[in-house]
Amino acid sequence: MSNLFEIPLTTIDGADAKLGDWAGHVLLIVNTASECGFTDQYDGLQALFDDLAPRGFFVLGFPCNQFGGQEPGSEEEIKAFCSREFGVTFPLFAKTDVNGPDEHPLFTELKKAVDPDGEAGDVKWNFEKFVVGPEGDVLGRFRSKVEPDDEALLDLIEDNLPL
């Protein structure tokens, strides 16, 4: 069991949670934004969640306003937008800083993972994706331009599903 699972979180509704609430599942953790050129990826993220949730998979969305101010709304507004525009049913969390002095401890740990080019470090933009395995290990990192139906991303998820 990874200490990643002990990191406290706050849901978009203000409830306390921790990543360990999803232990035993493959997780796709994504920093999201409602007014970004990549916002349409919500459709693909929801489709992926719908397809793979019965096999032990979750998408976890972390709204972030650090990139171009593209997530300016309140948690309530973000939740309503995601539901209305994209039918999002996967878990969403409180607005989160992913870089800088106020970055969330979850992203401090996730950012140690390297992308396919071998680069770790700061999240570069909205809709960066991190795959976390059932035991809490960061299995992969994919930059914003990688769509949710990308073959390498899907293969990594599929290869690690518990069911």
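Below is a short write-up of the structure. Remember, it's a predicted structure, so these values are computed and weren't measured experimentally. (Residues numbered from 1 in each chain as written. Predicted model: local features only at pLDDT ≥ 70, side-chain atom pairs only at ≥ 80, totals over all residues. Heavy atoms only, no water.)

**Focus: the overall build of the protein**
To keep things clear, this is the line we draw: Under the scheme used here, helices are H or I runs from DSSP no shorter than 4 residues and strands are E runs no shorter than 2 residues, and both carry numbers assigned from the N terminus. Throughout, radius of gyration means the C-alpha value; the globule benchmark is 2.2 Å times the number of residues raised to the power 0.38.
Per the secondary structure count, the protein includes 4 helices and 6 strands. Going from the N terminus to the C terminus, the protein shows its helices and strands as β-β-β-α-β-α-α-β-β-α. The C-alpha atoms of the protein give 14 Å as radius of gyration, which agrees with the globular expectation for 163 residues (15 Å, within 12%). Dimensions along the principal axes, computed over C-alpha positions, put the protein at roughly 35 × 35 × 30 Å.

**What about the environment of phenylalanine 81?**
Put simply, the rule is: We call two residues in contact when some of their heavy atoms are within 4.5 Å.
Considering the arrangement of structural elements, one finds phenylalanine 81 in helix α2 (residues 75-86). Aside from chain neighbours lying at most four places away, what touches phenylalanine 81 is Ser34, Thr39 and Phe86.

**Regarding the packing of aromatic side chains**
Formally: Here a Phe, Tyr or Trp ring, Trp counted by its six-membered ring, pairs with any other such ring whose centre lies within 6.5 Å, and the pair is stacked when the planes are under 30 degrees apart, edge-to-face when over 60, and tilted otherwise. In this scheme, a residue with accessible area under 20% of its type's maximum is buried, one over 50% is exposed, and one in between is partly exposed, where area comes from a 1.4 Å probe on protein chains only.
This structure, assessed with the given rule, holds 11 aromatic pairs. Arranged with centres 5.6 Å apart and planes meeting at 75 degrees, the rings of tryptophan 22 and phenylalanine 93 form a pair that is edge-to-face. Of the two residues, tryptophan 22 sits in the loop between β2 (16-18) and β3 (26-32) while phenylalanine 93 sits in the loop between α2 and α3 (105-110), which places them 71 residues apart along the sequence. Residue tryptophan 22 shares its accessibility class with phenylalanine 93, and that shared class is buried. Relative to phenylalanine 86, the ring of tyrosine 42 has its centre 5.4 Å away and its plane inclined at 35 degrees; by these criteria the two rings are tilted. Here tyrosine 42 is found in helix α1 (residues 41-52), whereas its partner phenylalanine 86 is found in helix α2, with 44 residues between them in sequence. Here tyrosine 42 matches phenylalanine 86 in class, with each residue buried. Ring-pair connections join several aromatic residues into one group, and the members of that group are Tyr42, Phe49, Phe58, Phe81, Phe86, Phe90 and Phe127.

**Remarks on helix α4 (residues 151-160)**
Rules: Picture the helix axis, draw a direction to every C-beta atom, and the arc is the one those directions span.
Taken together, the buried positions of α4 are Leu153, Leu156 and Ile157. Taken around the axis of α4, the buried residues stretch over an arc of 95 degrees, which confines them to a single face. Those residues of α4 that are exposed and angled more than 90 degrees off the buried face are Glu151 and Asp159. The inward-facing, buried residues of α4 contact β3, α1, β4 (57-63), β5 (129-132) and β6 (138-142).

**Some words on the sheet that holds β6**
The cut-off we apply is this: Here, any two strands with at least 2 DSSP bridges between them count as paired. The axes are straight lines fitted to the C-alpha atoms, using for helices just the contacting stretch, and the angles between their N-to-C directions are given from 0 to 180°.
Taken together, 4 strands build an open sheet; the order of strands is β4-β3-β5-β6 and the sheet is mixed. Every interior strand has two partners, whereas the edge strands, β4 and β6, have only one. Strand-to-strand, the axes of this sheet are offset by a mean angle of 20 degrees, without reference to chain direction. Note: β5 against β6, 4 bridges, orientation antiparallel. Bridge pairing in β6 places valine 131 opposite glycine 140. In the packing of α4 onto the sheet, the strands contacted are β3, β4, β5 and β6, and the crossing angle to β6 comes to about 165 degrees.

**What about the pairing of β3?**
Applicable threshold: When the strands point away from the viewer and the path from the first strand over the helix to the second turns clockwise, the crossover is right-handed.
Extensive coverage of β3 is indicated by the burial of 7 of its 7 residues. Residues Val26, Leu28, Val30 and Thr32 point to one face of β3 and Leu27, Ile29 and Asn31 to the other, with burial holding for every one of them. Where β3 meets β4, 7 bridges bridge the pair, whose relative direction is parallel. Within β4, the residue paired with threonine 32 across the bridge is proline 63. In this fold, the crossover linking β3 to β4 by way of α1 has right-handed handedness.

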